[in-house]
Amino acid sequence: DYNYAVSLNTIADLLLRRLKKLFHLVLSEIAAPIYNTLYGKTKFATASIMKFEEELLQKLVNDLKNRGKTGKVIDVGCGTGRHSFHLAKQFKEVYAFDFSPRMIEEAKREKAREDVTNIFFSVADLEYEEIIDERAFYGKSDLVVASFGLASFIEDTSQMLRRFYNWMQDESYVVMSFYNSKSLILQVTPNWRDTSLSAHLDIENSTLKVELSPESIFHIFCKPYSNVVRGAINSIFEIKDIYSYPTLMAMMPNNLLENSLAKNLFEYLDSHISNHHEFLLGYYVIVVAKKGISALDASIQIK
């Protein structure tokens, strides 16, 4: 009876995770037409993490350019192509995919409007589907980007890491963004409701509550960053840096950050502590890792 009960609980948990992933797809489909103009624009902490990731990504791109590694880049969970179009100006080829057909439709419209020829958008679910262009960048990529919490939306972290590893060539970078299970805001909950974040983590239920608008709220699967996740990354890659952001802004009421002086001050403070590992308390954790020169054991390779 015990084994039967455990099996039922396991099945129920699996079905719940799949349902949350379905909600994520529905959210993406609804958000696609308004994503560029709405999401993150009214919530200052969310907007700030997007800006922080863009600046961090550019630093890595500059390093790659200095080493002549500007061939292929992969944008995982690209959405409407926020990073893709910027990267296309600096790399020869950008392979970008998302599991939302409408997100990719929006990205392709922008590609046509801007007459960009070196981005290859496609619809694919990283966990469950083949990627159309995968052979074109398999073992050849200089950079893999999984930004804005994307790495927390993948159930099987080890499989995700192995797949990234196999896409990359030696001395290339991967940037992975997670939601943080140890963020300060989860330990000290502010008493105001005017949040500066667009999404809120529920660790116990492995769920992210996403507020597209006050009327459109979704609960999607989210696996936050933890020591276990770090260990999995460290077993495959050489971790170069770990950043955590935003710490203080995430705790502030949104209306306070409408004041430009307050916003600039908190952004400055959060940026200052973002790379202090003893204060790894930001709402997001961004891991920058490198594929070393020495090849790993063949058991790591995906057959």
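The structure under discussion appears in the preceding block.
Residues numbered from 1 in each chain as written. Predicted model: local features only at pLDDT ≥ 70, side-chain atom pairs only at ≥ 80, totals over all residues. Heavy atoms only, no water.

Participant: I would appreciate a short explanation of the sheet that holds strand 6 (residues 199-202) in the present structure.
Facilitator: Strand-to-strand pairing in sheets goes through backbone hydrogen bonds, with the strands running parallel or antiparallel. If you walk across this open sheet you meet the three strands as 6-7-8, and the pairing is antiparallel. A strand with exactly one partner marks an edge of an open sheet, and here the two such strands are strand 6 and strand 8 (216-221). Along the sheet, successive strands turn relative to each other by an average axial angle of 20°, direction set aside. Pairing geometry for strand 7 (residues 207-213) and strand 8, over six bridges, is antiparallel. If you follow Glu211 over to strand 8, its bridge partner there is Ile217. (Pairing = 2+ DSSP bridges. Helix = DSSP H or I, 4+ residues; strand = E, 2+ residues; numbered from the N terminus. Axes fitted to C-alpha atoms, helices over the stretch in contact; angles between N-to-C directions.)

Participant: Explanation requested: the pattern of salt bridges in the structure shown.
Facilitator: For side chains bearing opposite charge, pairing can occur when the charged atoms are close. According to the stated counting rule, one finds 12 salt bridges in the structure shown. Of the charged contacts in the structure, one is a salt bridge between Lys240 and Asp241, with a shortest N-O distance of 3.3 Å. Where salt bridges share partners, they join Lys51, Lys263 and Glu267 into one cluster. (Salt bridge = Lys/Arg side-chain N within 4 Å of Asp/Glu carboxyl O.)

Participant: Is there a simple way to explain unusual backbone geometry in this structure?
Facilitator: Excluding glycine, a negative phi dihedral is what most residues carry, and trans is how most peptide bonds are arranged. Residues Tyr245 and Pro246 are joined by a peptide bond in cis, for which omega reads -15°. Note that Pro246 resides in the loop between strand 9 (238-245) and helix 10 (260-273). Here the phi dihedral of Phe148 falls at roughly 55°; this positive angle occurs in a residue that is not glycine. Mapping Phe148 onto the fold places it in the loop between strand 4 (141-146) and helix 7 (157-167). The backbone of Ser206 sits at a positive phi, close to 50°, despite the residue not being glycine. Along the polypeptide, Ser206 turns up in the loop between strand 6 and strand 7.

Participant: Looking at this structure, I do not really get the layout of surface pockets. What am I missing?
Facilitator: To find the voids left in a structure, one rolls a probe of water-molecule size over its atoms. Volume-wise, the second largest pocket comes out at about 310 Å³. In this structure, the second largest pocket is lined by 16 residues; those nearest its centre are Ile185, Thr189, Pro190, Thr195 and His200. Where the lining of the second largest pocket is concerned, the elements lending two or more residues are helix 8 (184-187) and strand 6. Looking at side-chain class alone, the lining of the second largest pocket contains 10 nonpolar, four polar and two charged residues. (1 Å grid on protein atoms, 1.4 Å probe; cavity = no way out; pocket = protein on both sides within 12 Å on 5 of 7 lines; lining within 4 Å. Points joined across faces, edges and corners; volume = space filled by probe spheres on them. Nonpolar A, V, L, I, M, F, W, Y, C, P; charged D, E, K, R; others polar.)

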